[in-house]
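Given next are the chains, with one letter for each unit.
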Amino acid sequence: RPYAKSKVHKMLDNPYYIGIIRFDGKEYPGAQIPLISKELFEKVQLKLHGKRPTRYRKHDPVFKGVIRCGNCGGFITWQLQKGRYYGACQRTSEECKKRRLLREDRVEQLVAEMLEQLVCPTPEIIQWVADSMREQQHSNIEEKERLWDSVKLQLDRISRMDDRLYDDKLAGDISQEKYEEKHAAFAAQRAELQEQLRGIDRSFGNRLDQTLVLLELSQKAAEIYASRTPQQKRLIITKLFKNMTVEGDSLSVSYTDFTQVIAQNVVETRKLIGGQK
């Protein structure tokens with residue numbers, strides 16, 4: 001049957017089709033793919049109501065897609081209530097339903113404390129580590145380049161020898177059988193050398209540059225974290241932390257392997273200089 005006018009009006013007034021969900025008198029960004037643009041929706045609202053609707057503010061919780069439930073394995077999703085974000089999984093099991101909601105501000109407090117634990121009390125040590133890594137980088141790059149050039153020279157030499165062998169065959173200086181035998185030997189040597197080239201890691205410099213950036217971030221994150229946008233905070237978290245999981249009523253947070261080493265060395269440094277009893 002054709003839709004009633006009231007049904008059509010309700011559809012035209014429903015923000016669901018631009019990715020917004022109304023629930024309990026409030027509106028939240030939904031996971032559905034918008035079917036129409038916000039501009040078109042607003043034009044329709046202007047026709048229906050004679051005024052532009054309130055623009056929808058996209059909520060952006062800091063820990064969106066970051067924390068998992070240790071029981072069901074799902075991501076914690078967040079809702080804004082009374083100016084504060086609260087998080088929970090989909091609560092598909094009884095155990096999940098019994099769990100208290102996470103508060104974003106308390107999770108951020110824990111993150112801030114763990115970022116503080118990465119800050120070395122003596123910046124000179126961090127500088128010494130960075131300088132040592134750069135020196136090692138320079139030495140390794142030179143060694144890799146020498147090895148690369150050596151293998152390339154061998155490949156070029158074998159290619160020239162194979163070309164001359166083919167010319168000798170055309171000139172009748174060697175038999176077809178002798179040509180095929182030596183050509184197969186050259187092909188085997190070429191394949192072996194090409195495999196050696198593939199095994200030479202020339203990306204060491206880039207990877208070490210990335211490590212130095214993470215080292216610098218680990219020392220600045222505690223200072224800059226509070227003033228960053230939610231997206232920038234998520235980037236800091238994903239670079240310096242490995243797992244964030246809700247177990248029972250507690251939150252488990254772990255560093256990456258790299259930042260765990262930094263944290264351990266910071267503890268030892270503080271002990272040595274008397275910064276920790």
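Structure: see above.
Think of each chain on its own: its residues are numbered from 1, step by step along the sequence as written. The predicted nature of this model means local features are confined to residues of pLDDT at least 70 and side-chain atom pairs, given and counted, to a pLDDT of 80 or more, with totals for whole chains, interfaces and linings taken over all residues. To obtain the side-chain values, all non-hydrogen atoms of the structure were included, while hydrogens and water were left out.

Overview of the nonpolar core
Note the cut-off: Here, the term nonpolar core denotes a set of buried Ala, Val, Leu, Ile, Met, Phe, Trp, Tyr and Cys residues that are joined through side-chain atoms within 4.5 Å. Exposed residues in this analysis have more than 50% of their type's maximum accessible area, buried residues have under 20%, and partly exposed residues fall in between, with area computed by a 1.4 Å probe over protein chains only. Here a strand is any run of E in DSSP of at least two residues, a helix any run of H or I of at least four, and the numbering for each starts at the N terminus. Any two residues having at least one pair of non-hydrogen atoms within 4.5 Å are treated as being in contact.
Judged by nonpolar contacts, the single largest core of 38 residues is most densely connected at F63, I67, L115, I237, F241 and M244. Contributions of two or more residues to this core are made by β4 (77-81), α4 (104-116), α5 (123-171), α7 (204-224), α8 (230-240), β7 (241-247), β8 (250-255) and α9 (257-272). Top contributing element to this core by residue count: α7, with five residues. Once you skip the residues sitting within four places of it in the chain, F63 turns out to touch W78, E104, V107, E108, V111, Y225, I237 and M244. L155, L193, L197 and I200 belong to the second largest nonpolar core, which has nine residues in total.

Section: α4
Rule in force here: Helix span, as expected, comes to 1.5 Å for every residue beyond the first. Each C-beta atom gives one direction from the helix axis, and the arc is the one those directions make.
For α4, built from 13 residues, the straight-helix expectation of 18 Å at 1.5 Å per residue is met to within 8% by its first-to-last C-alpha distance of 18 Å. Those residues of α4 that sit buried are E104, V107, E108, V111, M114 and L115. Projected down its long axis, α4 carries its buried residues within an arc of 120°, all on one side.

Re unusual backbone geometry
The backbone of K82 sits at a positive phi, close to 55°, despite the residue not being glycine. Checked against the element boundaries, K82 lands in the loop between β4 and β5 (84-88). Backbone geometry places R91, a non-glycine residue, at a positive phi of 55°. If you trace the backbone, R91 turns up in the loop between β5 and α3 (94-98).

Quick word on the sheet that holds strand β6 (residues 102-103)
Spelled out, the test is: For two strands to be treated as a pair, DSSP must find no fewer than two bridges joining them.
In space, the three strands of this open sheet follow the order β4-β5-β6, with antiparallel pairing throughout. Each of the sheet's edge strands pairs with one partner strand only, and the pair in question is β4 and β6. As paired elements, β4 and β5 share five bridges and run antiparallel to each other. The residue bridging T77 from the neighbouring strand is A88, located in β5.

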